[in-house]
Amino acid sequence: MRRVIPAFLLACAGFVIGTPVDAQTKPADDSVYQAFGQKAGLQALMEDFFDRLKADARTAPFFKDTNRANLVEQLTEQLCQESGGPCVYKGAPMDKVHRDLDIRKQDFNALVEVLQTSMDAKGVPFRAQNAMLARLAPMHRDIITR
Ligand code: HEM
């Protein structure tokens, strides 16, 4: 028995540590999704975001050949899902999409800054902004490649 208990505890610890980040931090309700104005609010936000990305000298070069309607649609689905809304992101995985874009930490930070400007412009409550950023931040591991 003395051997069984530590083994059992270790297995439990392994389970908790091994649980994907997604399962640990998934929003339990859709309050963040509601605060963003549901799907229509998210889409308007992503349109504004895309236009700001194209207007900002730090991020514009990355998006010079990007189809606006497609990116807005994919981002809307993704942020809808991340905020607890009734969507399932079906676009390409983050590592695959960004692999060849040569994105540095400072590029990632610039994009986040532009997103914050957009969220402010659309009047998204500060708490909801932070909740969304907390969901997106861990993705940096798959996006920053140098
Ligand atoms: C948390 C941060 C980010 C998220 C959630 C995100 C999300 C996405 C999504 C959902 C797509 C579309 C995938 C598809 O079409 O299947 C995409 C594409 C793209 N992302 Fe990101 N991204 C992030 C950061 C960045 C950064 C930092 C850059 C560059 C500064 C960047 C540049 C691009 C470009 C250029 C495309 C379009 C590629 C193409 O034209 O096909 N992304 N991203």
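Residues numbered from 1 in each chain as written. Predicted model: local features only at pLDDT ≥ 70, side-chain atom pairs only at ≥ 80, totals over all residues. Heavy atoms only, no water.

Before going further, it helps to examine the side chain of His98. Examined against the element boundaries, His98 turns out to sit in helix H6 (residues 94–98). For His98, a relative accessible area of 15% corresponds to the buried category. Beyond its immediate sequence surroundings of up to four residues, His98 is in contact with Ile103, Ile143 and Thr145. (Helix = DSSP H or I, 4+ residues; strand = E, 2+ residues; numbered from the N terminus. Buried < 20%, exposed > 50% of the residue type's maximum accessible area, 1.4 Å probe, protein only. Contact = heavy atoms within 4.5 Å.)

It is worth spelling out the nonpolar core at this point. One finds Phe36, Leu42, Met46, Phe49, Leu115 and Met119 to be the most contacted residues of the largest nonpolar core, which totals 29 residues. Within the residue set of this core, elements represented by two or more residues are helix H3 (31–35), helix H4 (38–55), helix H5 (68–82), helix H7 (105–121) and helix H8 (126–136). The element best represented in this core is H4, accounting for six residues. Excluding its chain neighbours within four sequence positions, the residues that come into contact with Leu42 are Tyr33, Phe36, Gly37, Thr76, Leu79, Cys80, Ser83 and Met132. (Core = buried A, V, L, I, M, F, W, Y, C linked by side-chain atoms within 4.5 Å.)

If you check H7, its first and last C-alpha atoms are 24 Å apart, about what 17 residues at 1.5 Å a residue would give, namely 24 Å. Along H7, the positions that sit buried rather than exposed are Asp107, Phe108, Ala110, Val114, Leu115, Ser118 and Met119. Contacts from the buried residues of H7 go to H4, H8 and helix H9 (140–143). Following H7 by one or two positions, Gly123 has its phi on the positive side, about 70 degrees. (Expected span 1.5 Å × (residues − 1).)

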